[in-house]
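Listed below, chain by chain, are the residues.
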Amino acid sequence: MEKIGGKAPWKKISYKTKLSLSYSVIILTACMAMGILSVRSVKAEADHQQRMTAASLAWEAGSKLNEAMQKVSWAVGQTAVDTQLKQVLGRESESYYQQWIDFRDILTPKLRLLTLQAQEAESFIIYTENEMLNHSKDNILPVSLIEGKIWFEEAKKESRMFWATEGDRLLGIYHLYMPADTAPEAFLVVTLYPADILDDEGGWNRQWEFLLRNGEGKAVLCSRDGVENTKSADRFLSSYQLCNGWELELFFEKRNLSGCSLETLFFTGIIAACALGLLGLSTHLFSDMFSRRLVELNQAMQQVIHGNRQVVLWDDSGDEIGQLTGTFNMMMGEINHLIEDVLENKIARREAELAALRTQIKPHFLYNALSTINWMAIRGEYEDISLVATSISDYYRTMLNGGQEMTTLGDELRNVQSYLTIQTIAHGDSFVVEYETEEGLKDCEMINMILQPFAENAVRHGIDKRKKEYGGWIRIRAEKREGDLMIEIEDNGPGMDEACLNRLREGIAGTGEKGGYGIRNVQERIRFREGEPYGVYLSGRAGLGTKVCIRYPYRKRRKDMTEEKKRKKP
C-alpha cells in the first residue's frame, strides 16, 4: 500500500475557520487593490482625452476639406451662369482672330478668377465640343477625353456640381447648359487633392489615415490601400459630414495622440504592482497552507486515473477534508472489489466464447477434411492426401496455440493457409489464393483465431456463390499503415449491396439482429482487448466481391510469450 499525506499542526481546526483567517488577510491587503482601480481610472481618462483629441483633429481636417469643396462649388456655380462664357463656348468662332479675342477677354480671365477664388483646387479644365476651342489651350480640351469615364453619364444628367473620385484625386464636374439645344456641350472639371488639403506641411501627415465614402456609404478614396479593413484596438475612428453628403473618416493611432502624463501612469503602475505582489504572495502562502491536503487528495485521484488502484490516504483530521479522505478510501475499496468481479466475469465469458468457437470449428472442419481425404483416396491422389493431412495438422496446431490467446501474425497466416489449402483441393482447384505480407510483420503479436472466420466466409459466401464462368480468387494482404497493422481479406464473389452490408455491420456491432457469430466474436475480442478504433471493417459492392479489413495495433512479439510457447510445445 502506498501512503500519501500526513498530519498537520492545525488539523483539529475546521476548514471554515481556516478560510476565515485567509479572508482576514485578504481584507487587509484589499486597500492596495485601489492601485489597480487608479490605473484603470487613469487609463480611462487618457482614453477619453485621446478620443476628444481625435474628434477635434477630425473636425479640423474635415472643415478644411469641406471649406475647399464649398469654395470650389461657389466659384464654379458663379462661373457656370456667366452669359459671356456660355456664348463663347456655344458659338463657332468666325476667325482665329475672334478666337484669340475670346480667349484673351473672356476665357482666360474667367479661369484665372476661378483659380484665385478657389486656390485649394489643383486645376480647372473646360471640356467642350466646340472644335475651334478645344485644341487651343491646356485647360480647354475636347469632351471626347472624358466620355469614357465612369462618372461621365451621371455628371451629364446633373444640373449642379457632381463629385467623383479618380485615383487619389477628387473631381468636381459641372455640366454647363447652353442657351440653345444645338449648341456644343461643355463641362467644367475641377481637380482637388484631399491629401494635400488635409496636410498643411506639404507632405502627408502620418498621424492619421483618411477614407472618403460617397452618399451610398461606399469607400471611394483613401490615403492607403486596405485602411478600411485594418482593425485594431489601438486606433480611433472619427468622421465628418461633408457638404456634398459624403463622409470623411479619419483613423488615429493612439500612440500619436496626446494622453495622460507618463509619469502619472508610471507611479500608478508601481503602486498597483506592489499591491498585486503583496496580495499574490499572501494569497499563495495561505492557499498553499490550507489546500495542501486537497492537493494530496487530487494527486491520489490522478494516480487512480493512471491505473494505480492501491492508493490509500492517511488523514485523521476531524474537519471536512478529513471526512472526504475517509470517503475516498472507502470508495476505492468498493471500486477495487467491483473491478475485480467485473473483470473476472468478462475474462471468463471471453474464454468461454473462444472455447465455444473452437468447439464449433473442430467437428465441422474435421468432417469436411476427412471427406476430402476419402474422396482423394478413392481417386488415388496420394500426394494430395499427404498435403491435406499435413495441412490439417498445421491447422489444429496453430488454432490450439498451446492454449494461449495471443499468437503472431505468422502463425495466424499459417493457420489460414492450412485451411485454404484444404478448401482449394476440396473445390478442385477452382480458385486461387494470393498472399501479400509486408516484410518484418510476421513477428507482430495479435489475438489467436481472428482470420479463420473471414477466410471461411470468403469460401462459403464468395467462392461457392460466384458465377462459374470465371475463376475465383482470394487475396490476403498484411501491411503496416499509419502505425497500425492492417490485414485485408478480399474475394471476387457476388459481393453485397449497401443495405446488406449495413445489416451485417449492425450485427457485428451488436446493434442488429443479424451477423455471424464467429465474426462478431472476433470484433468483440479485439475491441475488448484493444478498444476503438481497432476491429473489423467491411466493404464491397454487389457483383464486385467483398473486402474485410482488420485493424490491429502494431506490436512486435514479446520475448516472454515466445519462451512460454516453447516450454509448452510438446
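Note that the structure is a prediction, hence the values are computed from the model and not measured.

Asks: I would appreciate a short explanation of the overall build of the protein in the present structure.
Replies: Along the protein, the regular secondary structure elements total 14 helices and 18 strands. Residue burial in the protein is summarised as follows: out of 570 residues, 40% are buried. Contacts spanning at least 24 positions in sequence make up 66% of the contacts within the protein whose residues lie at least 6 apart. Roughly 32,200 Å² of accessible area belongs to the protein as shown, and the carbon and sulfur atoms make up 54% of that amount.

Asks: Is there a simple way to explain the pattern of salt bridges in this structure?
Replies: Pairing of side chains with opposite charge becomes possible as their charged atoms draw close. Per the stated rule, a full pass over the model turns up 19 salt bridges. Note that arginine 481 and glutamate 488 form a salt bridge whose closest N and O atoms lie 3.1 Å from each other. For glutamate 488, a relative accessible area of 8% gives the class buried. Glutamate 532 is the salt-bridge partner of arginine 527, the closest N and O atoms lying 3.6 Å from each other. Overall, the relative accessible area of 65% leaves glutamate 532 in the exposed class. Salt bridges linked by common partners bring Glu436, Arg477, Glu479, Arg481 and Glu488 together as one network.

Asks: Looking at this model, I keep getting lost on helix 10 (residues 409-426). Mind explaining?
Replies: It helps to recall that an α-helix has 3.6 residues per turn; residues three or four apart then point in one direction. Here helix 10 is 18 residues long and its end C-alpha atoms lie 26 Å apart, about the 26 Å a rise of 1.5 Å per residue gives. Most of helix 10 is tucked away, with 14 of its 18 residues classed as buried. Following helix 10 by one or two positions, glycine 428 has its phi on the positive side, about 65°.

Asks: Quick question: what am I supposed to make of the packing of helix 10 against helix 11 (residues 452-463) here?
Replies: What describes two packed helices is the angle between their axes and the distance between those same axes. With their axes 9 Å apart at the nearest point, helix 10 and helix 11 run at an angle of 20° to one another. With respect to each other, helix 10 and helix 11 are oriented roughly parallel. Between helix 10 and helix 11 lies a crossing of right-handed hand. Counting all contacts with helix 10, which are made through Asn415, Val416, Tyr419, Leu420 and Gln423, the residues of helix 11 involved are Gln452, Ala455, Glu456 and Val459.

Asks: Sorry, what's going on with the sheet that holds strand 16 (residues 484-491) here?
Replies: Sheets are built from strands paired through backbone hydrogen bonds, the pairs being either parallel or antiparallel. One open sheet accounts for 5 strands, arranged 13-15-16-18-17; its pairing is mixed. Taken across any chain shown, the strands that pair with only one partner, and hence form the sheet edges, are strand 13 (431-437) and strand 17 (535-540). Averaged over all pairs of adjacent strands, the angle between strand axes in this sheet comes to 15°, irrespective of strand direction. In terms of strand pairing, strand 16 meets strand 18 (residues 546-553) through 8 bridges, oriented antiparallel. Its bridge partner lying in strand 18, leucine 485 is registered against tyrosine 552.

Asks: Help me understand the nonpolar core in this model?
Replies: One broad trend across soluble globular proteins is that nonpolar side chains are buried collectively. Counting 47 residues, the largest nonpolar core has Val72 and Leu248 as the members making the most contacts within it. Counting residues per element, this core draws most heavily on helix 2 (residues 34-80), which supplies 11 residues. Residues contacting leucine 248, with those up to four places away along its chain left out, are Ala61, Gly62, Leu65, Leu198, Phe210, Leu211, Leu212, Ser238, Ser239, Tyr240 and Leu242. Counting 42 residues, the second largest nonpolar core, distinct from the first, contains Tyr395, Leu409, Phe454 and Val522.

Asks: Explanation requested: the packing of aromatic side chains in the structure shown.
Replies: Each aromatic ring pair is specified by the distance between its two centres and by the angle formed by the two planes. Counting across every chain of the model gives 1 aromatic pair. Note that arginine 475 overlies the ring of tryptophan 473, its terminal NZ or CZ placed 4.3 Å from the centroid. Lying across the ring of tyrosine 554, lysine 480 places its NZ or CZ 4.2 Å from the centre.

Asks: Sorry if this is basic, but what is going on with the pairing of strand 9 (residues 235-241) here?
Replies: Each regular strand displays side chains that alternate between the two surfaces of the sheet. For strand 9 and strand 10 (residues 247-253), the ladder comprises 7 bridges, and the chain directions are antiparallel. Looking at the pairing, serine 239 lines up with glutamate 249 of strand 10. Counting the residues that bridge the hairpin from strand 9 to strand 10 gives 5 residues, and of these glycine 245 lies at a positive phi of roughly 90°.

Asks: I would appreciate a short explanation of unusual backbone geometry in the present structure.
Replies: One can expect most non-glycine residues to show negative phi and most peptide bonds to be in trans. Note the cis peptide between glutamate 532 and proline 533, where omega equals 10°. One can find proline 533 in the loop between helix 13 (517-530) and strand 17. Positive phi is not limited to glycine here, since methionine 449 has a value of about 65°. Within the secondary structure, methionine 449 is located in the loop between strand 14 (445-447) and helix 11. Judged by relative accessible area, methionine 449 falls into the buried class, the value being 0%. The backbone phi angle of glutamate 482 is positive, close to 55°, even though this residue is not glycine. Residue placement: glutamate 482 occurs in the loop between strand 15 (472-481) and strand 16.

Asks: Just to check I follow, could you spell out the pairing of strand 18 for this structure?
Replies: In terms of burial, strand 18 is largely enclosed, as 6 of its 8 residues are buried. One ladder, built from 6 bridges, connects strand 17 with strand 18; its direction is antiparallel. Looking at the pairing, serine 539 lines up with lysine 547 of strand 18. Linking strand 17 back to strand 18 in an antiparallel pair, the connection comprises 5 residues, with glycine 543 at a positive phi of about 85°.

Asks: Mind showing me how you'd approach the sheet that holds strand 5 (residues 169-176) here?
Replies: With mixed pairing, 5 strands are arranged side by side in an open sheet as 3-2-6-5-4. Looking at which strands have only one partner, the edges of the open sheet turn out to be strand 3 (140-142) and strand 4 (162-166). Each strand axis lies, on average, 30° off the axis of its neighbour in the sheet, ignoring direction. Note: strand 2 (residues 123-128) against strand 3, 3 bridges, orientation parallel. Its bridge partner being in strand 3, isoleucine 126 is matched across the sheet by isoleucine 140.

Conventions we followed
- Residues numbered from 1 in each chain as written.
- Predicted model: local features only at pLDDT ≥ 70, side-chain atom pairs only at ≥ 80, totals over all residues.
- Heavy atoms only, no water.
- Helix = DSSP H or I, 4+ residues; strand = E, 2+ residues; numbered from the N terminus.
- Buried < 20%, exposed > 50% of the residue type's maximum accessible area, 1.4 Å probe, protein only.
- Contact = heavy atoms within 4.5 Å.
- Areas by Shrake-Rupley, 256 points an atom, 1.4 Å probe, with all protein chains shown as cover.
- Salt bridge = Lys/Arg side-chain N within 4 Å of Asp/Glu carboxyl O.
- Expected span 1.5 Å × (residues − 1).
- Axes fitted to C-alpha atoms, helices over the stretch in contact; angles between N-to-C directions.
- Parallel < 35°, antiparallel > 145°, perpendicular 65-115°, else oblique.
- Left-handed = near helix turned anticlockwise from the far one by under 90°.
- Pairing = 2+ DSSP bridges.
- Core = buried A, V, L, I, M, F, W, Y, C linked by side-chain atoms within 4.5 Å.
- Phe/Tyr/Trp six-rings, centres within 6.5 Å; stacked < 30°, edge-to-face > 60°.
- Lys NZ or Arg CZ within 6 Å of the ring centre and 35° of its normal.

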